[in-house]
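# Examining the three-dimensional arrangement
Chain by chain, the residues run as shown.
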Amino acid sequence: MPAAEFSVEVDATPKRVWKVVSDPRNIPAWERHVVRVDVPDDAVLGVGSTWSVEMSFMGVGVRVRGEIEEWEPPSRGRVRLRGPLDATIVTTVASLPRGHSVLRHEVTYTFRGVLGRAVAAGLGALGGAQMGIKRGTLAQKRQIERSA
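My aim in this report is to walk through the structure given alongside it, one point at a time. The numbers attached to residues start from 1 for each chain and follow its sequence in the written order. For a predicted model such as this one, the threshold for reporting local features is a pLDDT of at least 70, and the threshold for listing and counting side-chain atom pairs is 80 or more; totals across whole chains, interfaces and linings nevertheless cover every residue. Water and hydrogen atoms were dropped before computing side-chain values, which therefore reflect all heavy atoms in the structure.

Helical segments are the DSSP runs of H or I of at least four residues, strand segments are the runs of E of at least two, and each set is numbered from the N terminus. Looking only at helices and strands, one finds 4 helices and 7 strands in the protein chain. Taken from N to C terminus, the helices and strands of the protein chain fall in the order β-α-α-β-β-β-β-β-β-α-α. Should any heavy atoms of two residues lie within 4.5 Å, those residues are counted as being in contact. Relative to all contacts within the protein chain whose residues are 6 or more apart in sequence, the contacts with residues 24 or more apart total 48%.

Here it is in structure tokens:
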């Protein structure tokens, strides 16, 4: 499976970082290809929680299902996406001195079926998964630091 990872220092405590990055409702603000995220209104996030993500790559729309597999606030979580995009995203938040943190995402992924191949081609044309992870993580950093 292909993989991508990116880490960034954030001017915020792990608790503040986790509050932002652990909420799937924020995903459209970080990833321009995500059109919508549907999380049950009464959802208390934890192991087994699910939601759906509607994505669009170069005019090709797909839906994937997200599920939390590990949940250790405010330091670690693992989410599995299933659909034309099948991915595992491991997010870690580590404390640094002076109220700072390191935010890290590690993603392994594959694309399945005809729609998945179309999405993979679109992703490749836009700089690949590594560029997408970097762009999304930096968007998270901006959101976290603005909310201070």
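Next up on the list: helix 1 (residues 14–21). Looking only at helix 1, the buried set comprises Pro14, Val17, Trp18, Val20 and Val21. Seen along its axis, helix 1 keeps its buried residues to an arc of 165 degrees; they face one direction. Opposite the buried face of helix 1, by more than 90 degrees, sit the exposed residues Lys15 and Lys19. Think of it in three bands: with a 1.4 Å probe and only protein chains considered, a residue is buried below 20% of the maximum accessible area for its type, exposed above 50%, and partly exposed in between. Note that the arc is computed from the directions linking the helix axis to the C-beta atoms.

Only when DSSP finds a minimum of two bridges between them are two strands counted as paired. Relative to strand 5 (residues 76–82), strand 4 (residues 60–72) runs antiparallel, the two sharing 7 bridges. Within the sheet, the bridge partner assigned to Trp71 lies in strand 5 and is Gly77. Between strand 4 and strand 5, which pair antiparallel and follow one another directly, the connecting turn spans 3 residues. The sheet contact formed by strand 5 and strand 6 (residues 85–95) spans 6 bridges and is antiparallel. Bridging from a neighbouring strand, Arg78 pairs with Val90 of strand 6. Between strand 5 and strand 6, which pair antiparallel and follow one another directly, the connecting turn spans 2 residues, one of which, Gly83, has a positive phi of 150 degrees.

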